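Residue-level structural notes
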Amino acid sequence: MGSTGYTCIRRTFCSFNILIWLCGSGFLAIGVWLHFAFPGYATLLPDHAVLSADCMFITIGVISFVIAFFGCCGSWFQSRCFLVIYFTLVVLLFLSEFLLGSLAFVFRGGIGRMLTQELKYGIEKHYNVSDRGGFLTPSVASIWDNLQVDLQCCGVSSYEDWYDISAWPGERWVPQSCCRSQYNSLFSEGSGDELANVDCRKAGNPALLWDKSCGQILQMWFVQRLHIVGTVVLVIGFLQLFGLISSMLLFCTVKHKRSSKTYKSYSPTVDTTLNRNGTSATYMDD
């Protein structure tokens, strides 16, 4: 490989890792912001807070930042040590993704039941109708109410998930956000329907509530967007493959880099000719 080809690969690899580094920094910043600005999301899954959005963004940001750091250093300083570390980390990341994806597929039923139970537990223990939080720091009650109004759903599995929670112990009530718009006190003014004057959340009448659960709505939303998930997975796989190939090309070329900054592939014929003429070739191994 000539010096032009080596320089092209080196610059492309360095630019690629700088882009990944910037993206990782962005994910990390978003995760930290979510952690401090939206602490209520962590209590949606109280026993598995690591699965919350802020922890996911922070984890992705840190992994991308560290891997891209070694890639940039390996390219900039032309260090085989950094390139080997980069290659190893990418391989380990790929194997981890494959293992986690396989386990998630095999145990998808158990994972779904676990998440459902966790969400129900969060409703039971952390929903406080009087705690609305703020615009930048919404509470669990505010998050659930906005979710149910936007998706027109009630509860995780059914409206009965709201029965006998810590906010109203011993009562078979639901939040106001579970009520259909025409029976919700926020929308019923001027309505001629007799049921519009009934306190929907305490009436115990399922006909006044949204008929679908939030778990069902979210599952349908995810299934309808599986093609997006597949595209993201393919893009991530392509980026990892590109990083592996380019890092190994740099590693093999740096191994035979001349100290004069002129890059050539190692050739036994050239080496024999140089030794026959009494000329020594100096190679620098990082």
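Keep in mind it's a predicted model, so treat the numbers as computed, not measured.

Another point: the UniProt feature "transmembrane region" (unreviewed entry) in the protein chain. This chain's UniProt record puts "transmembrane region" (unreviewed entry) on residues 12–36, 56–77, 84–107 and 228–254. Helix and strand shares over residues 12–36 are 100% and 0% respectively, and the end C-alpha atoms of the span are 37 Å apart. A helix fraction of 95% and a strand fraction of 0% characterise residues 56–77, whose end C-alpha atoms lie 32 Å from each other.

A few words now on the packing of aromatic side chains. Across all of its chains, the model carries eleven aromatic pairs by this definition. With 5.2 Å between their ring centres and 85° between their planes, Phe-13 and Tyr-86 make a pair best called edge-to-face. Of this pair, Phe-13 sits in helix 1 (residues 3–37) while Tyr-86 sits in helix 3 (residues 80–106), and the two are 73 residues apart along the sequence. Its relative accessible area of 3% is what places Tyr-86 among the buried residues. Ring geometry for Phe-16 and Phe-242: centres 4.9 Å apart, planes at 70°, overall edge-to-face. Of the two residues, Phe-16 is situated in helix 1 and Phe-242 in helix 8 (residues 226–254); the sequence distance between them amounts to 226 residues. A relative accessible area of 13% places Phe-16 in the buried class. Cluster of aromatic residues (ring-pair linked, three or more members): Tyr-127, Trp-144, Trp-162, Trp-168 and Trp-173. A cation over a ring is seen here: Arg-108 above Phe-105, with NZ or CZ 4.4 Å from the ring centre. Lying across the ring of Trp-173, Arg-201 places its NZ or CZ 5.4 Å from the centre.

Moving on: the side chain of Ser-246. Of note, Ser-246 is situated in helix 8. Look at Ser-246 and you get buried, because its relative accessible area is 5%. In this view, Ser-246 contacts Ile-9 and Phe-13; residues no more than four positions away in its chain are not counted.

The next subject is helix 8. Over its 29 residues, helix 8 runs 42 Å from end to end, which matches the ideal 42 Å to within 8%, given 1.5 Å per residue. Along helix 8, the residues that are buried comprise Gln-240, Gly-243, Leu-244, Ser-246, Ser-247, Leu-250, Thr-253 and Val-254.

Within the fold, Val-90 resides in helix 3. Considered as a pair, Val-90 and Gly-243 are 153 residues apart in the sequence and their alpha carbons are 7.8 Å apart. In this structure Val-90 touches Ile-67, Gln-240 and Leu-244, once residues within four positions along its chain are discounted.

Turning next to the environment of Gly-61. Residue position: Gly-61 is located in helix 2 (residues 53–76). Look at Gly-61 and you get buried, because its relative accessible area is 0%. If we ignore the near neighbours within four places in the chain, the residues touching Gly-61 are Gly-24, Phe-27 and Leu-28.

In this section: the packing of helix 2 against helix 3. Two elements in contact, helix 2 and helix 3, have axes whose closest approach is 8 Å; the angle formed by their N-to-C orientations is 150°. With respect to helix 3, the axis of helix 2 lies roughly antiparallel. In the crossing of helix 2 with helix 3, the sense of the turn from one axis to the other is left-handed. Here Ile-63, Val-66, Ile-67, Phe-70, Gly-71, Cys-73, Gly-74 and Ser-75 of helix 2 come into contact with helix 3, specifically with Phe-82, Leu-83, Ile-85, Tyr-86, Leu-89, Val-90 and Leu-93. Taken together, the residues of the contact of helix 2 with helix 3 sort by class into twelve nonpolar, three polar and no charged.

Another point: the nonpolar core. Among the nonpolar cores identified, the biggest contains 22 residues, and Tyr-127, Trp-144 and Trp-162 are the most heavily contacted of them. Looking at this core, the elements that each hand over two or more residues are helix 5 (140–151) and helix 7 (214–223). Broken down by element, the residue count for this core peaks at three residues, all from helix 5. The next biggest cluster of nonpolar side chains, apart from the first, holds twelve residues, and it includes Tyr-6, Phe-70, Leu-83 and Val-254.

The subject of this paragraph is the pattern of salt bridges. Where charged atoms of side chains with opposite charge meet at close range, the side chains can pair. Under the defined criterion, the tally for this structure stands at two salt bridges. A salt bridge links Asp-161 to Lys-120, with the shortest nitrogen-to-oxygen separation between them at 3.8 Å. Within this pair, whereas Asp-161 is found in the loop between helix 5 and helix 6 (200–203), its partner Lys-120 is found in helix 4 (residues 108–126), the two being separated by 41 residues in sequence. On the basis of relative accessibility, which here comes to 15%, the residue Asp-161 falls in the buried class. Judged by its relative accessible area of 24%, Lys-120 is partly exposed. For the salt bridge of Glu-124 with Lys-125, the shortest nitrogen-to-oxygen distance reads 3.9 Å. Exposure remark for Glu-124: the relative accessible area of 32% places this residue in the partly exposed category. We classify Lys-125 as partly exposed; its relative accessible area is 44%.

Rules behind the numbers
Residues numbered from 1 in each chain as written. Predicted model: local features only at pLDDT ≥ 70, side-chain atom pairs only at ≥ 80, totals over all residues. Heavy atoms only, no water. UniProt positions renumbered as here; feature names shortened; annotations may be inferred. Helix = DSSP H or I, 4+ residues; strand = E, 2+ residues; numbered from the N terminus. Phe/Tyr/Trp six-rings, centres within 6.5 Å; stacked < 30°, edge-to-face > 60°. Buried < 20%, exposed > 50% of the residue type's maximum accessible area, 1.4 Å probe, protein only. Lys NZ or Arg CZ within 6 Å of the ring centre and 35° of its normal. Contact = heavy atoms within 4.5 Å. Expected span 1.5 Å × (residues − 1). Axes fitted to C-alpha atoms, helices over the stretch in contact; angles between N-to-C directions. Parallel < 35°, antiparallel > 145°, perpendicular 65-115°, else oblique. Left-handed = near helix turned anticlockwise from the far one by under 90°. Nonpolar A, V, L, I, M, F, W, Y, C, P; charged D, E, K, R; others polar. Core = buried A, V, L, I, M, F, W, Y, C linked by side-chain atoms within 4.5 Å. Salt bridge = Lys/Arg side-chain N within 4 Å of Asp/Glu carboxyl O.

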